[in-house]
Each structure stands twice: as structure tokens, then as C-alpha cells.
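Structural overview
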Amino acid sequence: MIVRRFFGLVIIGLYCLAGCASTATGSSQSAMLIAPGHAAPITQLPRAGTLVVVRYPAMVEADAENAYHQAFRASPIGGRASGINSMDAAQVADGILVKSNYFALSLYKELRERLPEQGVLLSPHVIALDETGALTSIPITEAETLPSVITVDFATYSFPDPERMMGSEPLTFGDLLTPLVVVHTDHRAKAPTHGLILASNPLVAPAGHTARMAALTSVEMLEAGSFESSARELDFITFLRGAGQHMPATQGLAFGGEAHAVQVYPVEKIVLDRFALRQISATPDAKIDPLERVFSASLAERIIGQLHTLDLERAGMVQRAAAVSRFDPSLGALALVGAEDPALVSRLRFAERLLEAERTFLAVQSEKIFEGVHDGKMGYQTRQMLGAEFDILEQRRDLARQQNTATALAVLGAVAAVGVASATGDSVDGMDVLAIDVLSDLTFMAAGHAFMLNSENKALGRNFMQAMVPALEEQITVQVGLLDGNETITAVRFEDFRAQLEARYSESLRAVDTVAGDCAYKHDADGVLGRWQGECANGLAEGAGVGILRRADGTSVEYFGHAEDGRPHGVGYLVEHRQAGARAMEGRFEHGAPDGPVRVSEAGRTDRVVMYDQGAARGPAPLGTEPPRLFDGPPEVMPHQTLALAGEGA
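Quantities reported herein were computed from a predicted structural model and do not represent experimental measurements. (Residues numbered from 1 in each chain as written. Predicted model: local features only at pLDDT ≥ 70, side-chain atom pairs only at ≥ 80, totals over all residues. Heavy atoms only, no water.)

1. Overview of unusual backbone geometry
Inclusion rule: Helix and strand definitions here come from DSSP, where helices need a minimum of 4 consecutive H or I residues and strands a minimum of 2 consecutive E residues; each element is numbered from the N-terminal end.
Positioned with a positive phi, Ala48 is a non-glycine residue whose angle comes to about 60°. By the element assignment, Ala48 lies in the loop between α1 (2-19) and β1 (50-60).

2. Describing helix α2 (residues 65-74)
To be explicit about the condition: Exposure classes here rest on a 1.4 Å probe applied to the protein chains alone. A residue is buried below 20% of its type maximum, exposed above 50%, and partly exposed in between. Note that the arc is defined by the directions from the helix axis to the C-beta atoms.
Turning to α2, its buried residues number three or more, namely Tyr68, His69, Ala71 and Phe72. Looking straight down α2, one finds its buried side chains confined to an arc of 165°; they lie on one side. Residues of α2 that are exposed and point more than 90 degrees away from the buried face comprise Asn66 and Ala74.

3. A closer look at the packing of aromatic side chains
To describe a pair of aromatic rings, one takes the distance between the centres and the angle between the planes. How we decide: Put simply, two rings from Phe, Tyr or Trp (the six-membered ring, in Trp's case) pair if the centres are within 6.5 Å, and we call them stacked under 30 degrees between planes, edge-to-face over 60, tilted for the rest. The rule for a charge over a ring is simple: NZ of Lys or CZ of Arg within 6 Å of the ring centre, and within 35 degrees of the ring normal.
Using the criterion set out here, one finds 14 aromatic pairs in the structure. Across the ring face of Phe370, the terminal group of Arg112 is positioned such that the distance to the ring centre comes to 4.8 Å. Geometry around Tyr573 places Arg314 over its ring, the cationic atom sitting 3.9 Å from the centre.

4. Describing the confidence of the model for the chain
Here is the rule: Scored from 0 to 100, pLDDT reflects the predictor's confidence in each residue. Here a residue-residue contact requires only that any non-hydrogen atoms of the pair lie within 4.5 Å.
Chain-level pLDDT for the chain is 81 on average; 79% of the residues reach the 70-or-more range. Predicted confidence is poor over residues 1-22, with pLDDT under 50, and the contacts of this stretch with residues over four places away or in other chains come to 35 contacts. In this model residues 411-454 is a low-confidence stretch, pLDDT under 50, and it forms 64 contacts with partners more than four residues away in sequence or in other chains.

5. Some thoughts on the layout of surface pockets
Applied cut-off: Definitions used throughout: a 1 Å grid over protein atoms alone; a cavity as a set of points that fits a 1.4 Å probe which cannot get out; a pocket as an open set with protein on both sides within 12 Å along at least five of seven lines; a lining residue as one with an atom within 4 Å of a point. Grid points are joined across faces, edges and corners, and a volume is the space filled by probe spheres set on the points. Residue classes follow a fixed rule: Ala, Val, Leu, Ile, Met, Phe, Trp, Tyr, Cys and Pro count as nonpolar, while Asp, Glu, Lys and Arg count as charged, and any other residue, Gly among them, counts as polar. Each domain span listed reflects an automatic or database assignment of domains.
As a volume, the largest pocket reaches approximately 1,100 Å³. Along the wall of the largest pocket there are 41 residues; nearest its centre are Ala214, Ser229, Ser230, Ala231 and Arg232. Of all the secondary-structure elements, those providing two or more residues to the lining of the largest pocket are β3 (135-139), β4 (148-157), β5 (176-185), α4 (204-223), α5 (235-241) and α8 (312-327). With eight residues, α4 is the largest single contributor of residues to the lining of the largest pocket. Looking at the lining of the largest pocket residue by residue, the class counts come to 13 nonpolar, 18 polar and 10 charged. Roughly 440 Å³ of volume is contained in the second largest pocket. Taken together, 20 residues form the lining of the second largest pocket, with His260, Thr309, Arg599, Ser601 and Asp607 sitting closest to its centre. The residue makeup of the lining of the second largest pocket, split by class, is six nonpolar, five polar and nine charged. Each of domain 2 (26-32 + 45-326) and domain 3 (517-620) contributes no fewer than three residues to the lining of the second largest pocket.

What follows is the structure, given as C-alpha cells:
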């Protein structure tokens, strides 16, 4: 026993000599930085939509505070937690919101600089209770109602026990930051993973569940005849709530992500730009961004790399159909895949032009949120807090460095005493206590004082809505292209702006009631009928639209494209939701069966081009063969060419 304790104390001594001050350190290079070069620039926006929406937790409603704090304390990331002081954990939980609020804007800024104008929008969320009393999050703005290609959930994280802040647990404090990130697209753009692209390790299964449920819910809505889908809560909140888990195919971080697998981002504690933090300590300048160089610029590059791998139009087509339906319900289905009739194409373009006006309004609103939160009083206060935290952490490190030598000598002195005692056979229990007491002197002396700063977090969080006021209650003016020229529309609230656009459409064109119908769709030879929204003839799908069918085995089929006599016929895109996972096929269909070269997408694999003969797979297509694409359709007709005629004939 004496010998075992002797060697245990030797190890402790050597550890201290090696440098106890190594605690409270992070990685100098984020895993996000490992990427070859820069992604090629994106030069244009998708039709009537935007490219990226950045979502983040911004504040918590008063009646949801207890539920949020309890869920945060009960779901620690990075270690076990027991006996955590609830008040301390609540302060850390509030700090997460303040830091998420602030650092999400760093990602927004980096994306805004790299993407076309109006290519990125902000969607802050409020943590609230749903109708059942469960924790959820609700978007504060309407940015997520606009068609978008990618959504990025961003949050910072700290382990709920502040007494362990100097250990290896995740931490966002001073010059250390632990990001949590999830990247989604619509499941039609990446069917095998239900649209999930990248997720921080602890959020993979919760985000997989969210993505799967969103895909199945969207299919159910299409079955019910609607393109609308409910807003998806933040994946961090899904994780805290323990709502469900679904593990998709996964892989490590890759640049581009050719295989259909979710990229897993490890939990890491990143060292922020210390030069920038020292500048912040001197003067809380809004232009100083300690996250840009070490993380957000690289994450922005990865997101742009993902945009290059996605079909931008397919990613937003169902959202675009829902948005167009607000102006003209009968045109919603045609917005999915287009139409060949020039008059109908012109109607679609007019509706999409109004959606582009919505995008302009929301882009201005996002800029005002950035200015109000980042460049305003709240940003100034947050930078002051960051500077103070950094100074305290540096003082703690200096103290640890000064104490290391003395502490190590004290422990080694105890070791020597143990050696003497072992030779004489004396008891060493007192020496054990001495060593433990000496090490206890290193119990993170600054931690309690440092986290006292987080008492300011709640006040800063309440300041968020004050910072949002200019964005949500200031008039925004947008030039809108109408049939007979441009018109300036001014509104304070987005809802009022949208209502004015809908009124302009109704004044210019009466809704078309007979173009896009609701009729039968049949996919297989077993005679099962589904629902078709689009062009119809004799009660069956005939022309462009979308078909939904549920087989007897529970498999759901979504088909977007062209049909004849109720079956897929022509260029189309098909998604099968099977028990084993989703599979997508794009190419030409003949009387319901794939025919010719077809691109096949499955989980865990790269895309394959397979040759089909009336539904039978004949093997890989010759190298270089490209199947026809759904969005390589007829050229668009400009609105001014046919809109007047379309209005007269309606």
C-alpha cells in the first residue's frame, strides 16, 4: 500500500513539474481549418430564394427559463455532471445565449462577404414552451419562410459546472470557445441523409431525428395537398429536450462531401485570436472579430463548398412552391418543376419577382439585426465581457505558472517523506492528506470570480430585444417590379410588406383556377393510387407537377417532374422513403419506369449513374454519361412578354 501511494505521489509531482497550467487551454487549430484552399465563389442566387440562413438561440422567454436551465444541466456535453449548483448552471446557460448571439454574427459576416448580395439571412430563435409545455425554439423573423438552400444552426457551449472550467470540458469563456454546428438542406437535395449535411458530434443523432421527421412530415403535407411545412426548431434545443434520435450514415470532416454521409464535427475547445482579444480588452471595437481567423472564415468556406455540391433549385423547390402558393394557389405545383406554357411561365416569374422583393426586405432586416446587436450597445457590452473574461483567464494562468514550481516541490517533498516513511514502516496517511491539500490549492481560484461576470448574461440577453427594435420596427423600403413598371413599397413589419405584395398580385392578375389540378397518380403496376398536384387530364396526372404515393409496405414515393396517363413519363426526380433509408433517382422515366441513364443516390455512397431498360438495371453507364436533369427544362419567358395576355385570358 505504501509503495502504491509512493508511486502515485511521484506521478502527481511529475505532472505538476510538467505544468499544471496546461489546464484551461484549447486547440490552436480548429478541425474546421483543415481544408484545401478556398471554395470557388458562388455567383448567383437561386430563383426567388436565398442561399444560406444562419439560425441561433438568441433569448429565452420568461416562462421557459426554468425548463431551459434544467434541460441544460441534465444534458451535459463532454463529461459527467453531478451535484451541480443550479444557480451556477443557470448562469452558464444564460451565457450560452449571449455568446451564441454574438458569435453567430461572425459567421453571418463571413458568409455575407463571400456570397452574392442577399445570399445570407439571419434567423434568431427564442427558446419557448410549446402547447404541451415542452421546450422548443421559435424563429423571431420570417427568414425561414423564404426558399433557401442551406440552414446553419450555430451555438456556443460550456459545460454546466463552472468549477470544472479549467479542465478539459467544453468551454466558452475568455479566449476559449466551443462551437456547436449543424448544417441542413431540404431532403430533396440530399435524400439519403434526409438533408443533414454536417453536425457536431453530440448533435448528430438528434439532428438526424429532426431531419428525418422533417422529411416525413413534408411528405405527409404533400399527401394532404399542401406545400407548407412547420418551422424546424434548433437542433441544440432538440438535443436538450431529448426529443428523439436517428443515426444517419456518417463520415469525418471532408471538403465538398461527395459521399452521402453526414460529416461529423468533433467537440473542440478553440483558442480565439488572442491578439484580437487583447485589442478588445483595450477598446471594445466592433471591427475586431476574434473568431474570424480561427473558425468562422473556415466554416464559411466549407458551407460554400457544400453549396457547390447541391442542386440549388432542387433544394428550394418545395419552399418556393409554398411561397408561390401564397400569391396563386394553383401555381404552387408548377413552381416545382416549371411549365411549358409561356403565359404560365410568365405568371410564375411574376410571383417569383415578388418573392425576390421579400428577399430584399429580409436581407435589409438581417443587416439591421447585425448592426443593432453586433455594432450596437449589446455588442459593445459583450465585447467588454469577453475582454474581462480574457483578462481573468490570463491572470489565472499566470498564477498557475507561478504556483507550479512551489506546488511541485511541496508534493515532491511529501514524496521524499513517504520514501523515508516506507523505509521505517511508519504510516503515511498524513502525507496523503498533505499532498491532496497541496493540490487542492490549485482548485481554479479564479473560476468563481470569473463566472460572476456571467451574472451580466441575463441582463445582456434582455438587451437583445432592445437591440432588435431597429430591425423589427424600422421602416424598410423596397423597389418592386410589377407588370406596368416599378413601385416603391414601404413597411415596418414583414407581415405588412407581404400583404402588400399579395394585394399587388391580386390587382394585376386573377388567380388561375384551372391550370394545376388535384388528381390521381399511379407509380407501380400494382394499381395503388396516390395524389398528383399539377397538370391533369381525365382525372390523371398529365404534364408537370408532383406525385405522392404510399405503397402497401409503407414505402413512400415522391416524384417531381412530368407525367403521362397518371405515371412518371419524361424527365423527373424520384425519392423513395424506405425502412432501410431514402434513395433518390433522377433521369428519364417511361410509363412509370426509369429508362436510360439514371443518377442514383444512396446513403454512404457516392452518386452512381446506372443504365436502366424499362425499369431493369443493366449496370453502370459508360464513363462520362450524364442523365437528363429536371431543371434543364424549357427556357424561361420574361414577364413583360406575356403577362398582360395571361391576365386578360384568366
